[in-house]
Amino acid sequence: MTDPTPHLIRTSRDGDVLILTIDNPPVNAFSPGVPEGLKAGLDAAATDDTVRAVVIIGGGRTFIAGADIRTFNLPREQAPDLRGTIAKLDAFPKPTVAALHGTALGGGFELALGCTYRVATPGAKVGLPEVKLGLLPGAGGTQRLPRVVGVKKALDLILSGTPVGAAPARDLGLIDEIVEGDLLTGAVAFARRVADVRPLPRISERPAQPDPEAIEAARQSIRKTHRGQLSPQFIVDLVDLATRTPFNEGHAEEGVKFVQAKDSPQSRGMRHMFFAEREAAKIPGLDKTTPTTDIRRVGVIGAGTMGGGIAMNFLNAGIPVTIVETAQENLDRGLNTIRKTYEASAAKGRLKLEDVQKRLDLLTPTLSMNDLGDADLIIEAVFEDMAVKKDIFTRLDAVAKPGAILATNTSTLDVGEIAAVTSRPEQVIGLHFFSPANIMKLLEIVRADRTSDSVLATSLKLSRTIGKVGVVVGVCNGFVGNRMLYAYREQASKAVLEGATPQAVDAAMNALGLPMGPYAMSDMAGLDIGYMARRAAAERAGQPMPDDWVDRVVQLGRKGQKTGAGVYDYPDGSRTPVPSPAVDDLIQAYRAEKGVQPREATQDDLIARLTATLANEGARILEEGIALRASDIDTIYTYGYGFPAYRGGPMHYASEQGLTTVVQTLERHGLEVAPLLRRLAQEGKTFAQYDAERAKSQT
Ligand code: 3H9
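Residues numbered from 1 in each chain as written. Predicted model: local features only at pLDDT ≥ 70, side-chain atom pairs only at ≥ 80, totals over all residues. Heavy atoms only, no water.

The name that an unreviewed UniProt entry assigns to the protein chain is 3-hydroxyacyl-CoA dehydrogenase, with the source organism given as Deinococcus enclensis. For the protein chain, the Subunit (unreviewed entry) comment in UniProt is given as "Monomer." Per UniProt, the protein chain has the following entry under Pathway (unreviewed entry): "Lipid metabolism; fatty acid beta-oxidation." (UniProt positions renumbered as here; feature names shortened; annotations may be inferred.)

(A) The side chain of Arg359, seen in detail. Mapped onto the fold, Arg359 is located in helix α14 (residues 353-361). For Arg359, the side chain forms a polar contact with the side chain of Asn316, separated by 3.0 Å. (Helix = DSSP H or I, 4+ residues; strand = E, 2+ residues; numbered from the N terminus. Polar contact = N/O pair within 3.5 Å; in protein donor to acceptor, adjacent residues only side chain to side chain.)

(B) Quick peek at the sheet that holds strand β2 (residues 17-22). Read from one edge of the open sheet, 6 strands run β1-β2-β3-β4-β6-β9, paired in mixed fashion. For this open sheet the edge positions go to β1 (9-14) and β9 (177-178), each flanked by a neighbour on one side alone. (Pairing = 2+ DSSP bridges.)

(C) Structural view of the site of the ligand. What surrounds the ligand is a group of 30 residues, the closest being Arg61, Gly107, Glu110, Glu130 and Arg278. Within the backbone of Gly107, a nitrogen or oxygen atom sits 2.8 Å from an oxygen atom of the ligand. Burial of the ligand by the protein chains amounts to 75% of its free accessible area of 1,000 Å². Elements with a contribution of two residues or more to the shell around the ligand: β5 (103-105), α3 (107-114) and α11 (265-279). No other element matches the 3 residues that α11 contributes to the shell around the ligand. A class-by-class count of the residues in the shell around the ligand yields 18 nonpolar, 5 polar and 7 charged. (Near = heavy atom within 4 Å. Areas by Shrake-Rupley, 256 points an atom, 1.4 Å probe, with all protein chains shown as cover. Nonpolar A, V, L, I, M, F, W, Y, C, P; charged D, E, K, R; others polar.)

(D) Spatial organisation of the domain arrangement of the protein chain. Under the domain assignment, the protein chain is made up of domain 1 (9-263), domain 2 (298-473), domain 3 (499-594) and domain 4 (603-698). Between domain 3 and domain 4, the C-alpha centre-to-centre distance is 26 Å. With both sides pooled, the region where domain 3 packs onto domain 4 buries about 890 Å², and carbon together with sulfur makes up 76% of that total. The interface formed by domain 3 and domain 4 holds 0 salt bridges in total. Counting across the interface, domain 3 meets domain 4 through 1 residue pair in polar contact (both at pLDDT 80 or more). Residues that form the side of domain 3 that touches domain 4 fall into these classes: 10 nonpolar, 1 polar and no charged. (Domains from an automatic or database assignment. Buried area = accessible area lost by both parts, 1.4 Å probe. Salt bridge = Lys/Arg side-chain N within 4 Å of Asp/Glu carboxyl O.)

(E) Inspection of the pairing of strand β16 (residues 442-446) at higher detail. Among the 5 residues in β16, 5 count as buried, and that is most of the element. The alternating pattern of β16 places Leu442, Glu444 and Val446 on one face and Leu443 and Ile445 on the opposite face, and all of these are buried. Where strand β15 (residues 428-433) meets β16, 4 bridges bridge the pair, whose relative direction is antiparallel. By the bridge assignment, Leu431 is partnered in β16 with Ile445. Here β16 pairs with strand β17 (residues 469-473) via 5 bridges, running parallel. (Buried < 20%, exposed > 50% of the residue type's maximum accessible area, 1.4 Å probe, protein only.)

(F) Region of the structure containing the UniProt feature "domain: 3-hydroxyacyl-CoA dehydrogenase C-terminal" (unreviewed entry) in the protein chain. According to UniProt, the positions carrying the feature "domain: 3-hydroxyacyl-CoA dehydrogenase C-terminal" (unreviewed entry) are residues 478-570. Between the end C-alpha atoms of residues 478-570 the distance is 29 Å, and the span holds 63% helix and 2% strand.

(G) How the structure looks around the packing of aromatic side chains. Under the counting rule described, the total for this entry stands at 8 aromatic pairs. Between Phe434 and Tyr641, the ring centres sit 5.5 Å apart and the planes meet at 80 degrees, which makes this aromatic pair edge-to-face. Taken together, the residues span a long stretch of sequence, with Phe434 in the loop between β15 and β16 and Tyr641 in helix α25 (residues 630-641) at a distance of 207 residues. Considered together, Phe434 and Tyr641 belong to a single accessibility category, that of buried residues. Through a chain of ring-to-ring contacts, the aromatic side chains of Phe434, Tyr637, Tyr641, Phe643 and Tyr653 assemble into a single cluster. (Phe/Tyr/Trp six-rings, centres within 6.5 Å; stacked < 30°, edge-to-face > 60°.)

(H) Here's a closer look at the UniProt feature "domain: 3-hydroxyacyl-CoA dehydrogenase NAD binding" (unreviewed entry) in the protein chain. UniProt's feature table lists "domain: 3-hydroxyacyl-CoA dehydrogenase NAD binding" (unreviewed entry) at residues 298-474, given in the numbering used throughout. Taken end to end, residues 298-474 is 41% helix and 20% strand, and its first and last C-alpha atoms sit 24 Å apart.

(I) Broad picture of the packing of helix α24 (residues 603-623) against helix α26 (residues 649-657). Look at α24 against α26: their axes get within 9 Å of each other, and the N-to-C directions meet at 115 degrees. Considering the angle they form, α24 stands roughly perpendicular to α26. Where α24 crosses over α26, the two elements pack in a sense that is left-handed. Mapping the contact onto sequence places Ile607, Thr611, Leu614, Ala615, Gly618, Ala619 and Leu622 in α24 and Pro650, Met651, Tyr653 and Ala654 in α26. By residue class, the composition of the contact of α24 with α26 is 9 nonpolar, 2 polar and no charged. (Axes fitted to C-alpha atoms, helices over the stretch in contact; angles between N-to-C directions. Parallel < 35°, antiparallel > 145°, perpendicular 65-115°, else oblique. Left-handed = near helix turned anticlockwise from the far one by under 90°. Contact = heavy atoms within 4.5 Å.)

Below, the structure is given as structure tokens:
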């Protein structure tokens, strides 16, 4: 037989079994060319009497990792026909066996479910992660999965989007056999064993049992876990439908809902974030040949909340940590917090009890910086005071071994100025963790003017080792995230001065999808923290502190949740914010003093104003070269500041609104428009187009 599949599919034979190998690196996504190849292979096999069964397998590192996300913006007729390919498999007259390794995800796993049988390597994972892209499994997944695992488990798998390993998948009936040796050999042997089984056991022909309780529980749960999101609601409806209609009807409805979800701004936002996160790892000038250092031991200076949290990241990754404090009491307190945090995880079943001790055994507490001589990376995490940091770095320079990376966790200070006190400024970098540092996924990697490429590349690699999303930024006050936060808070404060209530501002941000508005957030973090940072910044600049009603709240001794009162009241130690009559009075008096006649602001206007402020500051950050791309800013704000991924980050959100509209909003509120933002608006462009043009000019 001549090769009927000249596309991204390789065709071969093992006796009476036809093998179709998908060859579309890096992850065998279902791109144009894959369906054509598979269909041609199946057509040829259907009419060839010497073929008794078909094996479909992925070349390279994985089976199909899903539909090709980049094709979702293509016109419908150009999109690869995944649903049609699976329909062909479902109707195929001979057994088909999907041989899975790596990650069979989304449309890839749906294709496997459309085959008659599935075999897998022990390390394979299968899953339907579409919900993480604001989508739903649109190639039969919502209809086939409940027919195999029941409604409850299907909802768990599809709503969480978390893949499962081969062994649990076999226990659930999703995989028929685990192949211990060579996958292809095992799959061909399996295909031969089932070649004569008739009727073919098609999943689409099985019934799905109704489970109204599970459906109701899922509806309740997604209101909390996926607040404001469209696709999880579709998923629950479709899984329910699988139990009430014949396969073809449910399948048709799934197709309609998939297109609706795919074309929604929510999915566009989440798809943007998927690629933004991956782009952040690509730094012009760095590549695979850039040398990196192995980080085998880490030193952390400071065992406070931040230092302790930072240390845990490395302990979790199996990297030993030496942690330094100035007084035994502080060291004991820090260690105790780390232990308690691990024990709490173990109590919740997230960590094995024996792992608690294993991780603690990797931690060496000390009161002497001299014990850091064997560390490959030392991270300073003491309070924000330039003099203190300079002193620490001078001493570190003397004790750290040659080649060690010296990092500061500063969130505001000039990393270059800190580096300049050492004899090795090229080895100094900012590693800005976000609190709680053991949980938050973001790591701002601050490149100072003399930081070496190797130190930068090592830091990026390390961010992945400890499960963080590292984004490279330049030096300025607050770097990217906090600088935008300052602008946002200042604007929120002005909105209140002009007439909005703090609770209306917070409610607007909640409606946008942020878990907390600026005031609930400041109260939780400690209202005095921003106050002290502003005071220190004003002192550094030799200027008086700008007048702000929020600072007057702090001056009343209302420092947030920790004092039972901040912008809100927290009666009886509660953490639920309650509007405060005292703060209302203070705001009214402040308005009167400033001669401001309060005007009510609508929720839409508050959202427009605050998001426009973020994009405006982001545009300045881009112009100054502090961030490499608008998408990096989106990654920072989504992973570090709770901006909902389904809005795609503040720069993407601004582009979705239309940059002209954003400019108009800024002008309406008397804000100075960043020149880059104005230019893009005039040219009718988006921030994504700006990123693409810049990337092109750099290659
Ligand atoms: C779907 O299937 C819809 C259907 O239900 C219905 C259709 C009708 N498409 O992450 P990595 C690229 S929705 C296009 O760095 P890893 C990625 O951008 C889809 N490109 O590697 C990167 O490119 P670059 C459901 C994709 O080893 C490169 O591959 N499936 C896709 O850390 C390497 O990726 C998913 O949601 C894709 N589907 O992780 C799975 N996937 O080198 C999404 C990856 O230019 N993918 N790329 O930066 C993943 O979760 C991870 O990529 C995976 C590998 C686990 C596969």
